[in-house]
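Chain and residue survey
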Amino acid sequence: MANITDLSLSQIKKELDGNKLSGKEVVLAFKQAYEADQAHKTPLNGYIEFFDDAEKLAEASDARRKNNEARGLEGLPLAIKDNILIQGKIATCGSSILKDFRAPYSSTVVERLKNQGIIPVGRTNMDEFGMGSSCEYSIYGPTRNPMDRNKTPGGSSGGSASVVAGKQAPAALGTETGGSVRLPAAFCGIYGLKPSYGTLSRYGVVAYGSSLDQIGILSRDPDDMALLLEHGVGTDPHDETSAALDFSGVYPLKPKNPKGLKIALPEEFMGEGIDEVIKNKVTAFASWFEKQGATVESIKLPILKSTVAIYYIIAPAEASSNLTRYDGIRYGFRDEKASSLEDLYIKSRSQGFGDEVKRRIFIGNYVLSSGYYDAYYKKAMQVRSILKQEIAKVYENYDLILSPTSPCLPFNLGAKLDDPLAMYLTDICTTFVNLAQIPSLSVPCGTSEEGLPIGIQLIGKQFSEINLLSIAKTWHQEEGLKQ
Ligand code: GLN
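Quick caveat: nothing in here was measured; it's all calculated off a predicted structure. (Residues numbered from 1 in each chain as written. Predicted model: local features only at pLDDT ≥ 70, side-chain atom pairs only at ≥ 80, totals over all residues. Heavy atoms only, no water.)

1. A few points about the overall build of the chain
Broken down by element type, the chain carries 15 helices and eleven strands. Against the globule reference of 23 Å for 483 residues, the chain gives a C-alpha radius of gyration of 21 Å, in line with a compact fold. Partitioning the intrachain contacts of the chain with sequence separation of at least 6 by distance along the chain shows that 75% fall at a separation of at least 24. Total accessible area on the chain stands at roughly 18,500 Å², and carbon and sulfur atoms take up 49% of it. Both charge centroids of the chain, one from 53 positive and one from 58 negative side chains, sit 1 Å from each other. (Helix = DSSP H or I, 4+ residues; strand = E, 2+ residues; numbered from the N terminus. Rg over C-alpha atoms; globule rule 2.2 N^0.38 Å. Contact = heavy atoms within 4.5 Å. Areas by Shrake-Rupley, 256 points an atom, 1.4 Å probe, with all protein chains shown as cover. Lys, Arg positive; Asp, Glu negative; His and termini not counted. Charge placed at Lys NZ, Arg CZ, Asp CG, Glu CD.)

2. Side note on the pattern of salt bridges
Summed over the entire model, instances satisfying the criterion amount to 19 salt bridges. Among the ionic pairs, R123 bridges to D82, the shortest N-O distance being 3.0 Å. A residue pair is termed long-range when its members are at least 10 positions apart, and R123 in strand 3 (residues 119-124) and D82 in the loop between strand 2 (77-81) and helix 4 (108-115) qualify at 41 residues. Each member of the pair, R123 together with D82, is buried. Ionic contacts of the salt-bridge type, sharing partners, join the residues K13, D17 and R65 into one network. (Salt bridge = Lys/Arg side-chain N within 4 Å of Asp/Glu carboxyl O. Buried < 20%, exposed > 50% of the residue type's maximum accessible area, 1.4 Å probe, protein only.)

3. Details of a nonpolar patch on the surface
Together, I329, L341, Y345 and I346 give the surface a local cluster of nonpolar side chains, amounting to about 350 Å² of exposed area. Inspection of the secondary structure assignment puts Y345 in helix 10 (residues 341-352). Here Y345 falls in the partly exposed class, since its relative accessible area comes to 33%. (Patch = residues over 30% accessible without salt bridge, like charges linked within 9 Å, V, L, I, M, F, W, Y side chains within 5 Å.)

4. A short note on the pairing of strand 5 (residues 191-194)
Both faces of strand 5 are covered, namely the face carrying Y191 and L193 and the face carrying G192 and K194. For strand 5 and strand 6 (residues 214-219), the ladder comprises three bridges, and the chain directions are antiparallel. The residue of strand 6 that forms the bridge with L193 is I217. In terms of strand pairing, strand 5 meets strand 10 (residues 440-447) through three bridges, oriented antiparallel. (Pairing = 2+ DSSP bridges.)

5. Details of the sheet that holds strand 6
If you walk across this open sheet you meet the eleven strands as 1-3-2-4-6-5-10-11-9-7-8, and the pairing is mixed. Single-partner strands in this sheet number two, and they are strand 1 (47-50) and strand 8 (295-299). Averaged over neighbouring strand pairs, the angle between their axes works out to 25° when direction is ignored. Running over the sheet, helix 2 (residues 23-38) touches strand 1, strand 2 and strand 3 and is turned about 135° from strand 1. Strands strand 1, strand 2, strand 3, strand 4 (171-176) and strand 6 of the sheet are contacted by helix 5 (residues 158-165), whose axis makes an angle of about 160° with strand 4. (Axes fitted to C-alpha atoms, helices over the stretch in contact; angles between N-to-C directions.)

6. Concerning helix 2
Taking 1.5 Å as the rise per residue, helix 2 with 16 residues should run 22 Å; its terminal C-alpha atoms sit 23 Å apart, in good agreement. Residues of helix 2 that are buried: G23, V26, V27, A29, F30, K31, Y34 and D37. Elements that come into contact with the buried residues of helix 2 comprise helix 1 (9-17), strand 1, helix 3 (54-66), strand 2 and strand 3. (Expected span 1.5 Å × (residues − 1).)

7. Some points on helix 11 (residues 355-368)
In a regular helix each residue adds 1.5 Å, so 14 residues correspond to 20 Å; helix 11 covers 20 Å between its end C-alpha atoms and thus fits that length. Every buried residue belonging to helix 11 is among E356, V357, R360, I361, G364 and V367, and all of these are buried. Each buried residue of helix 11 sits inside an arc of 145° when the element is viewed along its axis, so together they form one side. Set apart from the buried face of helix 11 by more than 90 degrees, the exposed residues are D355 and F362. (Arc of directions from axis to C-beta.)

8. Here's the deal with the side chain of Q457
Mapped onto the fold, Q457 is located in strand 11 (residues 453-459). For Q457, the side chain forms a polar contact with the main-chain oxygen of P404, separated by 3.1 Å. Not counting the four nearest positions on each side in its chain, Q457 is found in contact with R182, I401, L402, S403, P404, T405, C429, T430, V433, S440, L441 and S442. (Polar contact = N/O pair within 3.5 Å; in protein donor to acceptor, adjacent residues only side chain to side chain.)

9. Observations regarding the site of the ligand
In the region of the ligand, 15 residues are neighbours, and G178, S180, Y208, Y311 and D427 sit closest. Take S133: an N or O atom from its side chain is 2.8 Å from a nitrogen atom of the ligand. Coverage of the ligand by the protein chains reaches 99% of its 300 Å² of free accessible surface. (Near = heavy atom within 4 Å.)

Given below as structure tokens:
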């Protein structure tokens, strides 16, 4: 058998269910991989914390199995982004302001997965509050890309991508507001799923942009995503926007042949500003679809050119409101030397938030202020609804949209730190999906000549994530496993 750390979540499930491995052996293998990396001269820094109790939980899980009480996800390890609450564990969102915040309850998704036997093994590094595209804006320092340690893993769920690609976890949860699962997945050469808005409950996920936020999954096999979705979905009384989905029996995925599919390739994402190497990979991926009997057509969707601009109005607007709760009183850091209530707000927030978060709060407050509301926020919301309509029109004629995940290859650590606009532009291909609240899967499609991973997105209609995964499974079996 291969090394335990090389196995996907579904492969581990098979070994555990067949009593070929114990849950404890599995947790230990990933823990050792993490510890070995800690001794590296430039550790990946994907985990903020590897949980001490993971081994104990694995032992308890093994005992359950012995008693024939194994559940659907019994003993499977999972890494979890540091903005998804796990009862009793610290959750910092990579921010000073929440440095000592201990979660009083678990998020619905973690609760559901734990009830089925998942073992949370650690919490992963992220850009502060999910704001960033490189996993460098964290008080815990930057995370590195396992494929090239001088490069960023992408952000904001860079820690989750790094531990999965770096074989320190078989799979991880991340979160998306605007590409934060797909971009790191593409940069690290793994799968990254942004489910439809409403597929997974947001309860217990620290809010960034509430009309955009969604838990996502990072793994090395589409089947792992189906496995976690099957047990994670369902309405949640704590989240009114959660959908009444039933994904029972979706795992294992039935591979879907792309024959007869009509695929749209927006030319806005195949022109200027997109790296040639990436465009060539998209073309090669499109040819694979054609060989399978699908048709791929170039389409014009000019509104896509505006989506990053709309996103960087709407997301900061929502963030500026969501982040008012960090006032030095109710949560997290408080400056004890403040002399008045206002002083307390100012001092706690000034010290607690990093520069990028402050920038978002400024932008958000600016676009929501009475003098500028109509010119920015209202206009952005209008364009957002046009975007939704135009996307719906595309799906009248096509089954899928295909596009690069990132306009550029993984870049050097530090390369965009002083240039927020350049950082924001990394999100040009991903944010429209969040604005339109549809699902998208970033598929690892090989590398550039120098070995840097390239990801391509399969984007579907609302709630068609299982369809995307089933198509990806065919690709994975025929091509992905060869890579
Ligand atoms: N780069 C995006 C931002 O900074 C990522 C957001 C996300 O998906 N969390 O807003």
